[in-house]
Amino acid sequence: MIDIQLSSKSNLKNTDFNNLGFGKIFTDHMLVADYFDGNWQTVNIIPYQPLVLDPSACCFHYGQEIFEGLKAFKHSDGKISIFRPDQNAERFNNSALRMGMPEIPKEIFIDGLCQLVKIDQNWIPTAEGTSLYIRPFMIATENILGVHSSKQYKFIIILSPVGSYFSVPKPLHIIIEEHYARAVKGGTGNAKNAGNYGATLLPTNLANKHGFDQILWIDYQKNIQEVGMMNVMFKINNEIHTPSLSHGTILDGITRKSIIQLVKDMGIPIFERDINISEIFEASQNGTLQEMFGTGTAAVILQIEKLTYQDKTITLNIDTFKTSSALKQTLINIQTGAKKDTHGWLTYI
Ligand SMILES: *Cc1c(COP(=O)(O)O)cnc(C)c1O
């Protein structure tokens, strides 16, 4: 049961849909569910508003915060779809488990976000490259400073109409990070928890200062993990290669999963395996490295033009990146209803 309290006024009229940016504008409503006494209590949809929390709330001290990111689209026939919310619900609960937080019933997660999107459906932008970004998250709210799993939590969903993640989509210049690590075996790399991102900000700022857009993260054996907040793929010798999830250091991306399926649909061989950076430089040298790209909800696919490691830089011509361009267009077409959803990825509301 969802308790709904509608906002008495809307900010829709004051919103400039030609200048959305990413995650800067929020809709009229939010969903909040509280967890205490070992159970999720009433689910509420209320006007978008600040939270009131005690300064001793656990989330301010010991990092129990997890989140998700997914998108809703308005099709040209007016139908509204959400892309693979079941996958986000499942990953959210995997993150909760890893961070010692309670799981949330899939029905609360999926029905909650469907209802919220329905209420704020007039906020879904329709211009090319735009969508309604959905941000579910959970914070620990018990007011106690002892280090332990909180006994109280808030599950919240907010919505943001978004344009392209990078205001001017541009080919990326990536640096392979040698000093700092994002995730290690046995750590939390495969959970979508706040701490993972906090740890990447200093290295990313330093990389930006040196003129690089993003970092390619590697492990201590120099095997490739991820690029920024995206999974990464390489086209080598007419095959796609992407790091495997087997070490628990890589986020199980839903875009990654979907692109893997689309690659198979195209009849292109795909390999999930350990990829050492030395292989990428060898492939570049012998002319078999054809494409490099990141995958993630926000940008779908971002093509990588240059990759730098120490004093060596690989430069590819992204105008020749036919496979990743086709994959991106196919996935966007499925999401926006321009192409048949043969895999049943869309949930209509
Ligand atoms: C969210 C995220 C991704 C991409 O996952 P999608 O489900 O495709 O959006 C990749 N890497 C990291 C570190 C992430 O947080």
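Before reading further, recall that the structure is shown in the block above.
Residues numbered from 1 in each chain as written. Predicted model: local features only at pLDDT ≥ 70, side-chain atom pairs only at ≥ 80, totals over all residues. Heavy atoms only, no water.

**Q** In this structure, what is going on with the pattern of salt bridges? I would like to understand it.
**A** Where side chains of opposite charge bring their charged atoms close, a pairing between them can arise. Here the structure, examined in full by the defined rule, presents 9 salt bridges. Residue Glu-68 is joined to Arg-91 by a salt bridge in which the shortest nitrogen-to-oxygen separation is 2.7 Å. Of this pair, Glu-68 sits in the loop between β4 (65-67) and β5 (70-74) while Arg-91 sits in helix α1 (residues 85-98); the two residues are 23 residues apart in sequence, bridging distant segments of the chain. For the pair Glu-68 and Arg-91, one class covers both residues: buried. Measuring nitrogen to oxygen at the nearest pair gives 2.9 Å for the salt bridge that ties Arg-256 to Glu-272. Here the residue Arg-256 occupies a position in helix α4 (residues 254-265), and Glu-272 occupies one in strand β14 (residues 270-273), the gap between them amounting to 16 residues. Look at Arg-256 and you get buried, because its relative accessible area is 3%. (Salt bridge = Lys/Arg side-chain N within 4 Å of Asp/Glu carboxyl O. Helix = DSSP H or I, 4+ residues; strand = E, 2+ residues; numbered from the N terminus. Buried < 20%, exposed > 50% of the residue type's maximum accessible area, 1.4 Å probe, protein only.)

**Q** What should I look at first to understand the pairing of strand β3 (residues 39-47) in this one?
**A** Side-chain direction in a regular strand flips from residue to residue, so the side chains alternate between the two faces of the sheet. Bridging between strand β1 (residues 2-4) and β3 involves 3 bridges; their strand directions are parallel. Note that in β3 the partner of Ile-4 across the bridge is Ile-45. In terms of strand pairing, strand β2 (residues 29-36) meets β3 through 7 bridges, oriented antiparallel. Its bridge partner lying in β3, Phe-36 is registered against Asn-39. (Pairing = 2+ DSSP bridges.)

**Q** It is not clear to me how a nonpolar patch on the surface should be interpreted in this structure. Could you clarify?
**A** Taken together, the side chains of Tyr-62, Leu-145 and Val-147 make up a nonpolar region of the molecular surface, amounting to roughly 320 Å² of accessible area. Tracing the chain through its elements places Leu-145 in the loop between β7 (131-140) and β8 (153-162). (Patch = residues over 30% accessible without salt bridge, like charges linked within 9 Å, V, L, I, M, F, W, Y side chains within 5 Å. Areas by Shrake-Rupley, 256 points an atom, 1.4 Å probe, with all protein chains shown as cover.)

**Q** Explanation requested: the environment of His-241 in the structure shown.
**A** Examined against the element boundaries, His-241 turns out to sit in strand β13 (residues 239-243). Under the relative-accessibility criterion, His-241 is labelled buried at 7%. The spatial distance from the C-alpha of His-241 to the C-alpha of Tyr-220 is 20 Å, given a sequence separation of 21 residues. With residues near it in sequence (within four places) discarded, His-241 still touches Val-232, Met-233, Phe-234, Ile-236, Phe-271, Arg-273 and Ile-275. Only 3.0 Å separates the side chain of His-241 from the side chain of Glu-239, close enough to count as a polar contact. (Contact = heavy atoms within 4.5 Å. Polar contact = N/O pair within 3.5 Å; in protein donor to acceptor, adjacent residues only side chain to side chain.)

**Q** I would appreciate a short explanation of helix α3 (residues 194-209) in the present structure.
**A** Every α-helical turn comprises 3.6 residues, leaving residues that sit three or four positions apart pointing alike. End to end, α3 covers 23 Å across 16 residues, agreeing with the expected 22 Å (1.5 Å per residue, within 8%). Looking at α3, one finds that the buried residues are Asn-196, Tyr-197, Thr-200, Pro-203, Thr-204 and Ala-207. Tucked inside the fold, the buried residues of α3 contact β4, β9 (172-176) and β10 (214-218). Positive backbone phi, approximately 95°, marks Gly-211, located one or two places after α3. (Expected span 1.5 Å × (residues − 1).)

**Q** Help me out: how do you make sense of the packing of α4 against helix α6 (residues 322-335) in this one?
**A** In a packed pair of helices, the relevant descriptors are the angle between the two axes and the axis-to-axis distance. Their axes nearest at 10 Å, the elements α4 and α6 cross at an angle of 110°. One way to sum up the angle between α4 and α6 is to call them roughly perpendicular. Where α4 crosses over α6, the two elements pack in a sense that is right-handed. Listed contacts from α6 to Thr-255, Ser-258, Ile-259, Leu-262 and Val-263 of α4 are Leu-327, Thr-330, Leu-331 and Ile-334. Classifying every residue of the contact of α4 with α6 gives 6 nonpolar, 3 polar and no charged. (Axes fitted to C-alpha atoms, helices over the stretch in contact; angles between N-to-C directions. Parallel < 35°, antiparallel > 145°, perpendicular 65-115°, else oblique. Left-handed = near helix turned anticlockwise from the far one by under 90°. Nonpolar A, V, L, I, M, F, W, Y, C, P; charged D, E, K, R; others polar.)

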